[in-house]
Amino acid sequence: MSFFLPKLRSKKDIDEVIKGVAEKVLVLRFGRDDDLVCLQLDEILSKTAHDLSNMASIYIVDVDKAPIYTRYFDISYIPSTVFFFNGQHMKVDYGSPDHTKFVGSFKTKQDFIDLIEVIYRGAMRGKMIVQSPIDPQNVPKYDLLYHGI
């Protein structure tokens, strides 16, 4: 399903999109096209892209083609979804230790739509971190990995 969504193939492409998307939530899905969980997430993203087109722009980023951003956002697990608004990294409190990205796939299309609406409304009010509307049972659980500590 990821062939319905635009792909960013380099750091330059990602930089241009982050700077260029205005007054919308920018959704960057980091992962691989051949990963089953990534494909499940891509299906949700592609099915909601049209409905959310006034609020969000959704792009696919291959972790192997953007190693700088993969390291910068500490993408240890795929898929990981990162959100921006007007060039600013938006953080979401999912009730997990990491507020910088959503790790895993959304359980339903409605979970993703609700999250985008909350990020959009919060960003329009000037907030940089918002509370997740997703039921905590629908948020994938994982442990943060700290290397070299």
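For clarity, every value in this text was computed on a predicted model and none was experimentally measured.

Colleague: Could you give me a rundown of the pairing of strand 4 (residues 80–85), with the residues and numbers involved?
Modeller: Counting buried residues along strand 4, six of its six residues qualify, which places the element largely inside the surrounding structure. Relative to strand 4, strand 2 (residues 25–31) is paired through six bridges, and the arrangement is antiparallel. Within strand 4, the residue paired with R29 across the bridge is T81. When strand 4 meets strand 6 (residues 102–103), the two strands line up antiparallel, connected through two bridges. Each bridged residue has a counterpart across the sheet, and for T81 the counterpart in strand 6 is F102. Of the pairings in the sheet, the one linking strand 4 to strand 5 (residues 88–93) comprises three bridges and is antiparallel in character. Directly across from F84, in strand 5, lies its bridge partner H89. Between strand 4 and strand 5, which pair antiparallel in sequence order, lie two residues; one of them, N86, sits at a positive phi of approximately 50°.

Colleague: Could you give me a rundown of the confidence of the model for the protein chain, with the residues and numbers involved?
Modeller: Do not read the fine detail of predicted coordinates wherever pLDDT is low. Taken over all residues, the pLDDT of the protein chain has a mean of 88, while the share at 70 or more is 91%. Per-element averaging of pLDDT across the protein chain places strand 6 at the bottom with 89 and strand 2 at the top with 96.

Reading guide: rules and limits
Residues numbered from 1 in each chain as written. Predicted model: local features only at pLDDT ≥ 70, side-chain atom pairs only at ≥ 80, totals over all residues. Heavy atoms only, no water. Buried < 20%, exposed > 50% of the residue type's maximum accessible area, 1.4 Å probe, protein only. Helix = DSSP H or I, 4+ residues; strand = E, 2+ residues; numbered from the N terminus. Pairing = 2+ DSSP bridges. pLDDT = per-residue confidence, 0-100.

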